[in-house]
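Okay, here's what each chain looks like letter by letter:
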Amino acid sequence: MAARLSDGERTQLLAPLLADGGWALVTGRDAIKKSFVFGDFGCAFAFMTAVALRAEAMNHHPEWFNVYNRVDITLSTHDCGGLSTRDTALAAHIDQAAARLL
C-alpha cells in the first residue's frame, strides 16, 4: 500500500509541480489537477494513450475527462486517501508526454 506524502516529500516532490508545472491542489481533497489543451483530438488521444500505458504499468490510474482537444487530469492515490509518490511520478510522466505533443 502506498503511503501519503510526508511534509518533507510535499516540499521536495510536490512543490515543483505546483510552482512550475502548472499543477494545482484540488479544493477539499488531497489531490492535484491539471488541464492540457492540444491542437486537435488526435493529439489529445495520443497523449491519453501514452499516459494510459504508463499508468497501467504503474497500476496507478488517473481520473480524467476529455472533450475534443482538452484533457483534465486529477491525481490522488486511493489506497492511502491522498497524494503519494505514485502521483508525483505519474505527474512527471504526464508532463513529459504532453511536452512531446504540444
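Residues numbered from 1 in each chain as written. Predicted model: local features only at pLDDT ≥ 70, side-chain atom pairs only at ≥ 80, totals over all residues. Heavy atoms only, no water.

An unreviewed UniProt entry lists the protein chain under the name 4a-hydroxytetrahydrobiopterin dehydratase, with Coemansia javaensis given as the organism. In its Sequence similarities (unreviewed entry) section, the UniProt record describing the protein chain reads: "Belongs to the pterin-4-alpha-carbinolamine dehydratase family." In its Catalytic activity (unreviewed entry) section, UniProt records this for the protein chain: "(4aS,6R)-4a-hydroxy-L-erythro-5,6,7,8-tetrahydrobiopterin = (6R)-L-erythro-6,7-dihydrobiopterin + H2O". (UniProt positions renumbered as here; feature names shortened; annotations may be inferred.)

## Considering the pattern of salt bridges
Any two side chains of opposite charge can pair if their charged atoms end up close together. Per the stated rule, a full pass over the model turns up six salt bridges. Across the pair Glu63 and Arg29 runs a salt bridge, and its minimum N-O distance is 2.5 Å. Taken as a pair, Glu63 in strand S3 (residues 63-67) and Arg29 in the loop between strand S1 (24-25) and strand S2 (32-37) lie far apart in primary sequence, 34 residues in all. With its nearest N and O atoms 2.8 Å apart, the salt bridge here joins Lys34 to Asp95. Placement of the pair is Lys34 in strand S2 and Asp95 in helix H3 (residues 85-101), with a sequence separation of 61 residues. Salt bridges sharing partners connect three or more residues here, namely Arg4, Arg10 and Asp30. (Salt bridge = Lys/Arg side-chain N within 4 Å of Asp/Glu carboxyl O. Helix = DSSP H or I, 4+ residues; strand = E, 2+ residues; numbered from the N terminus.)

## Observations regarding the pairing of strand S4 (residues 70-75)
As paired elements, S2 and S4 share six bridges and run antiparallel to each other. Its bridge partner being in S4, Val37 is matched across the sheet by Arg70. The sheet contact formed by S3 and S4 spans five bridges and is antiparallel. Within S4, the position partnered with Trp64 by the bridge is Ile73. Linking two consecutive strands that pair antiparallel, namely S3 and S4, is a turn of two residues; a positive phi of about 50° is found at Tyr68 within it. (Pairing = 2+ DSSP bridges.)

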